[in-house]
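Descriptive structure summary
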Amino acid sequence: MRTADPDLHRRRSGEIASAAARVFLAKGFHGASMQDVAREAGVSMGLLYRYFEDKAALIAAAATIDRAPLLAKIAALVDIADPVAGLESLLVDMVNVAGEPGYIDLVTEVAAEACRNPRVAAVLQEDEQALHTALVAALASHQAAGRLGTDADLAAFASLYLTLADALALRLRFEPGRSITALIGAFLPSIRTLQP
């Protein structure tokens, strides 16, 4: 059920999803209860259920909590004069966000839940598709302006790029303190193949 004020609804649901993410990190999806989330969010159970009908809906919200900021960063690529430099910078940003404490643990937990729960799997697929579509659109605008080669397969590149961001983040989870500069540097030739 939505409130009359869509901004308030968006803000409040985001706050609850953030609280859910913290609880899920601490207790796991199956160990966490709706009461735990309500307590962490500082809301009543009734209000929690006004925003999220069940725990699967909360898991889905926690799983996609970083979608809006990431989509905004991808959209900002359109306004960058050098798309190759923009892609390098975006990759660093994506990996740095993933390096925040608990982020990869939550992503791993979500991926495991998606294997068991078709509803969560559908949300993750939608999330990945939204990121892929946005990245292809940003790259296509540069391609149309002649800043990227016309023969570049943008859809394939976007898939590889997003996969690399996920893989780098996971690598840093298991090799804490490792510099991402060298890892991203190894991928730069692939980014540069997009140049005309």
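Residues numbered from 1 in each chain as written. Predicted model: local features only at pLDDT ≥ 70, side-chain atom pairs only at ≥ 80, totals over all residues. Heavy atoms only, no water.

As a packed pair, helix H1 (residues 6-27) and helix H4 (residues 55-63) sit with axes 8 Å apart at the nearest point and diverge in direction by 95°. Considering their axes alone, H1 and H4 lie roughly perpendicular with respect to each other. Across the interface between the two elements, Ile16, Ala17, Ala20, Ala21 and Phe24 from H1 touch Lys55, Leu58, Ile59, Ala61 and Ala62 from H4. Of the residues belonging to the contact of H1 with H4, the class tally is 9 nonpolar, no polar and 1 charged. (Axes fitted to C-alpha atoms, helices over the stretch in contact; angles between N-to-C directions. Helix = DSSP H or I, 4+ residues; strand = E, 2+ residues; numbered from the N terminus. Parallel < 35°, antiparallel > 145°, perpendicular 65-115°, else oblique. Contact = heavy atoms within 4.5 Å. Nonpolar A, V, L, I, M, F, W, Y, C, P; charged D, E, K, R; others polar.)

Attention now goes to the environment of leucine 194. Following the sequence through the fold, leucine 194 ends up in the segment after helix H10 (180-192). Distance from leucine 194 to threonine 150, taken between C-alpha atoms, is 8.6 Å for residues 44 residues apart in sequence. Beyond its immediate sequence surroundings of up to four residues, leucine 194 is in contact with Leu87, Leu148, Gly149, Ala152, Leu154 and Phe157.

Applying the stated criterion across every chain yields a total of 8 salt bridges. Between glutamate 40 and arginine 22 there is a salt bridge; the shortest N-O distance is 2.8 Å. Of the two residues, glutamate 40 sits in helix H2 (residues 34-41) while arginine 22 sits in helix H1, which places them 18 residues apart along the sequence. The partner of lysine 27 in a salt bridge is aspartate 36, and the shortest N-O contact between them spans 3.2 Å. (Salt bridge = Lys/Arg side-chain N within 4 Å of Asp/Glu carboxyl O.)

On to the nonpolar core, then. Nonpolar side chains tend to gather and get buried jointly when the protein is soluble and globular. Ranked by size, the top nonpolar core spans 31 residues in total, and within it Leu87, Leu91, Leu135, Phe157, Tyr161 and Ile191 carry the most contacts. Going through the elements one at a time, helix H5 (67-76), helix H6 (83-98), helix H8 (118-144), helix H9 (154-174) and H10 are the ones with two or more residues in this core. With 9 residues, H9 is the largest single contributor of residues to this core. In contact with leucine 91, not counting residues within four places along its chain, are Tyr161, Leu164, Ala165, Leu168, Ile184 and Phe187. With 26 residues, the next largest nonpolar core counts Ala17, Tyr51, Ala57 and Ala63 among its residues. (Core = buried A, V, L, I, M, F, W, Y, C linked by side-chain atoms within 4.5 Å. Buried < 20%, exposed > 50% of the residue type's maximum accessible area, 1.4 Å probe, protein only.)

Let us now look at H2. Within H2, the full set of buried residues consists of Met34, Asp36, Val37 and Ala38. The inward-facing, buried residues of H2 abut H1, helix H3 (45-51) and H4. After H2 finishes, the residue glycine 42 shows a positive phi value of roughly 70°.

A word on the packing of aromatic side chains. Tallied over the entire structure, the rule returns 1 aromatic pair. Residues phenylalanine 157 and tyrosine 161 carry aromatic rings whose centres are separated by 5.8 Å and whose planes lie at 35° to one another, so their mutual orientation is tilted. Here phenylalanine 157 and its partner tyrosine 161 are both found in helix H9, 4 residues apart, which amounts to about one turn of the helix. Note on accessibility: phenylalanine 157 and tyrosine 161 belong to one class, buried. (Phe/Tyr/Trp six-rings, centres within 6.5 Å; stacked < 30°, edge-to-face > 60°.)

In short, geometric facts, not functional conclusions.
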